[in-house]
Amino acid sequence: MAAAEPPSPRARGRPPPPPARRASRPRTAPRTAPQGEGARRRASCGPRRPPYAGRGGTARGGGARPGSFLSLSQRGPAAPDSPSRRKESGGTAAAPLPEEDCMKLNPSFVGIALSSLLAIDLWASKRLGVCAGEGSAWGSARPLMKVIEVSGHGIPWVLGTFYGLCQSDSSAAREVLLNLLFALLLDIVMVAVVKGIVKRPRPTHNKMDMFVTISVDKYSFPSGHATRAALVCRFVLRHLVLAVPLRVLVVLWALIVSISRVMLGRHNMTDVLFGLLLGYALYGVVEHCWLSPATTPALFALWSH
Ligand SMILES: CC(C)=CCC/C(C)=C/COP(=O)(O)O
């Protein structure tokens, strides 16, 4: 006689066992099939206030709205019925994915990372501002730092280049100096534009006793001295024939000018780093727009004697 079969779960009034994929899920995430519209919305990857979001779904320290969560599993509206989508949803288009299948990236993490970086920047820059005043740790080196500051200032560079241009008697020298003048003016304009847009104030420990400034120089991002140092350094190394020790000196000068901006308390480190990058990139623009008697004959006619 055959043994009596145990009653099936359905016969006992229990729900049928879940499909194999669901059965492999951890027990800590029990689930029941979504019932009704409300449950379907909860199970979807759509906008949903995260547990750590404040009023209006804004996470602390960031500006993420609930709808701005990114889901790697979500599909854009362009391909709502793609084969992969159909496969995922078991053949029915637009079926919501289970919540656990969504990986949410909260954009406010980027904000938190940036804020942390800026906080470290402010803290480290203040500590490195050892020549920010006469009473600072290296206050006695401040006069020397200010001489280095003048060596990277725009006025001596623009006036010196202009003077050299007027004095030059070879067309090759004129071409190089005219392009250097263009590079210096482009640098001043670009730095002024970025400073005017970003409007980052100078460090609080800075004493505003700089030699000749323009209105945007009350802002600190990026460092005009650092952009000029990087730009002039690249320009000189490329267009002047110098012995190796002099080439090393040019690079050292650019580095010392840049470091001195933080030591003097004029800038935070990120101002200087961005300034160096900007100056390096601006040299590429100068090379691209290289002025020559062939491309700008009228300009060169001004300087021919
Ligand atoms: C007045 C002219 C022609 C240039 C201004 C040069 C200057 C004062 C730049 C500011 O440099 P930092 O941003 O490094 O402090």
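Bear in mind that the values here come from a model prediction, so they are computed numbers and not experimental data.

Novice: Help me understand the nonpolar core, please; the structure alone is not making it clear to me.
Specialist: In a soluble, globular protein the nonpolar side chains are often hidden away together inside. Core analysis: the biggest nonpolar cluster contains 34 residues, and Met 145, Leu 165, Leu 231, Phe 235 and Val 286 have the highest contact counts within it. Those elements giving two or more residues to this core turn out to be helix 5 (142–151), helix 6 (154–167), helix 7 (171–198), helix 8 (224–239), helix 9 (244–263), helix 10 (269–288) and helix 11 (297–303). Here this core takes nine residues from helix 7, the largest share from any one element. If we ignore the near neighbours within four places in the chain, the residues touching Val 286 are Asn 179, Phe 182, Ala 183, Leu 186, Leu 231 and Phe 235.

Novice: Which parts of the structure should I look at to understand the side chain of Ser 260?
Specialist: With respect to the helices and strands, the residue Ser 260 is situated in helix 9. Setting aside residues up to four positions removed in sequence, Ser 260 forms contacts with Met 145 and Ile 148.

Novice: Is there a simple way to explain the packing of aromatic side chains in this structure?
Specialist: Each aromatic ring pair is summarised here by two numbers: the centre-to-centre distance and the angle between the ring planes. Using the criterion set out here, one finds four aromatic pairs in the structure. Ring geometry for Trp 157 versus Trp 253: centroids 5.8 Å apart, planes at 50 degrees, classification tilted. With Trp 157 in helix 6 and Trp 253 in helix 9, the pair connects residues that are 96 residues apart, well separated along the chain. In this structure an aromatic cluster arises from ring pairing among Phe 235, Tyr 283 and Trp 290.

Novice: Sorry if this is basic, but what is going on with the packing of helix 8 against helix 10 here?
Specialist: Two elements in contact, helix 8 and helix 10, have axes separated by 6 Å at closest approach and are oriented at 40 degrees. Our classification of the angle between helix 8 and helix 10 gives oblique. Seen along the crossing, helix 8 lies across helix 10 with a hand that is right-handed. Here helix 8 contributes Ala 226, Thr 227, Ala 230, Leu 231, Arg 234, Phe 235, Arg 238 and His 239 to the contact with helix 10, which in turn contributes Val 272, Gly 275, Leu 276, Leu 278, Gly 279, Tyr 280, Leu 282, Tyr 283, Gly 284, Val 286 and Glu 287. Across the contact of helix 8 with helix 10, the residue classes break down as 11 nonpolar, five polar and three charged.

Novice: Help me out: how do you make sense of the pattern of salt bridges in this one?
Specialist: Two side chains that carry opposite charge are able to pair once their charged atoms sit near each other. Throughout the structure, instances matching the rule amount to 11 salt bridges. Taking the shortest distance from any N to any O, the salt bridge between Arg 261 and Glu 149 comes out at 2.6 Å. Here Arg 261 is found in helix 9, whereas its partner Glu 149 is found in helix 5, with 112 residues between them in sequence. One exposure class covers both Arg 261 and Glu 149, and it is buried. A salt bridge links Asp 209 to Arg 266, with the shortest nitrogen-to-oxygen separation between them at 2.9 Å. One end of the pair, Asp 209, is in the loop between helix 7 and helix 8; the other, Arg 266, is in the loop between helix 9 and helix 10, with 57 residues separating them in the sequence.

Novice: So what exactly am I meant to see when it comes to a nonpolar patch on the surface here?
Specialist: Together, Val 244, Leu 246, Val 248, Leu 249, Val 251, Leu 252, Leu 255, Ile 256 and Ile 259 give the surface a local cluster of nonpolar side chains, amounting to about 780 Å² of exposed area. Within the fold, Leu 255 resides in helix 9.

Novice: Sorry, what's going on with helix 7 here?
Specialist: One turn of the α-helix equals 3.6 residues, which is why residues spaced by three or four share an orientation. The first and last C-alpha atoms of helix 7 sit 40 Å apart over 28 residues, in line with the 40 Å expected at 1.5 Å per residue. The first or second residue beyond helix 7 is Lys 199, which carries a positive phi of 55 degrees.

Novice: Before we go on, may I ask you to explain the environment of Ile 188 in this structure?
Specialist: When you line up the elements, Ile 188 lands in helix 7. For Ile 188, a relative accessible area of 29% corresponds to the partly exposed category. Between the C-alpha atom of Ile 188 and that of Gly 154, which follows or precedes it by 34 residues, the distance is 7.4 Å. Aside from chain neighbours lying at most four places away, what touches Ile 188 is Val 158 and Arg 228.

Novice: Before we go on, may I ask you to explain the side chain of Arg 142 in this structure?
Specialist: Relative to the assigned elements, Arg 142 resides in helix 5. At 2.8 Å, the side chain of Arg 142 and the backbone oxygen of Cys 131 are in polar contact. Those residues in contact with Arg 142, other than ones at most four positions away along the chain, are Cys 131, Ala 132, Gly 133, Glu 134, Lys 207, Asp 209, Leu 264 and Arg 266.

Novice: Help me understand the site of the ligand in this model?
Specialist: Within the structure, the ligand sits among 18 residues, and Lys 195, Gly 224, His 225, Arg 261 and His 267 are positioned closest to it. Between the ligand and the protein, one listed contact pairs an oxygen atom with a backbone N or O atom of Gly 224 at 2.8 Å. In the environment of the ligand, an oxygen atom lies 2.9 Å from a nitrogen or oxygen atom belonging to the side chain of His 267. Starting from 440 Å² of accessible surface for the ligand in isolation, the protein chains cover 93%. Elements that contribute at least two residues to the shell around the ligand include exactly helix 6, helix 7 and helix 8. The element contributing the most residues to the shell around the ligand is helix 8, with three residues. Across the shell around the ligand, the residue classes break down as six nonpolar, seven polar and five charged.

The rules behind each value
- Residues numbered from 1 in each chain as written.
- Predicted model: local features only at pLDDT ≥ 70, side-chain atom pairs only at ≥ 80, totals over all residues.
- Heavy atoms only, no water.
- Core = buried A, V, L, I, M, F, W, Y, C linked by side-chain atoms within 4.5 Å.
- Buried < 20%, exposed > 50% of the residue type's maximum accessible area, 1.4 Å probe, protein only.
- Helix = DSSP H or I, 4+ residues; strand = E, 2+ residues; numbered from the N terminus.
- Contact = heavy atoms within 4.5 Å.
- Phe/Tyr/Trp six-rings, centres within 6.5 Å; stacked < 30°, edge-to-face > 60°.
- Axes fitted to C-alpha atoms, helices over the stretch in contact; angles between N-to-C directions.
- Parallel < 35°, antiparallel > 145°, perpendicular 65-115°, else oblique.
- Left-handed = near helix turned anticlockwise from the far one by under 90°.
- Nonpolar A, V, L, I, M, F, W, Y, C, P; charged D, E, K, R; others polar.
- Salt bridge = Lys/Arg side-chain N within 4 Å of Asp/Glu carboxyl O.
- Patch = residues over 30% accessible without salt bridge, like charges linked within 9 Å, V, L, I, M, F, W, Y side chains within 5 Å.
- Areas by Shrake-Rupley, 256 points an atom, 1.4 Å probe, with all protein chains shown as cover.
- Expected span 1.5 Å × (residues − 1).
- Polar contact = N/O pair within 3.5 Å; in protein donor to acceptor, adjacent residues only side chain to side chain.
- Near = heavy atom within 4 Å.

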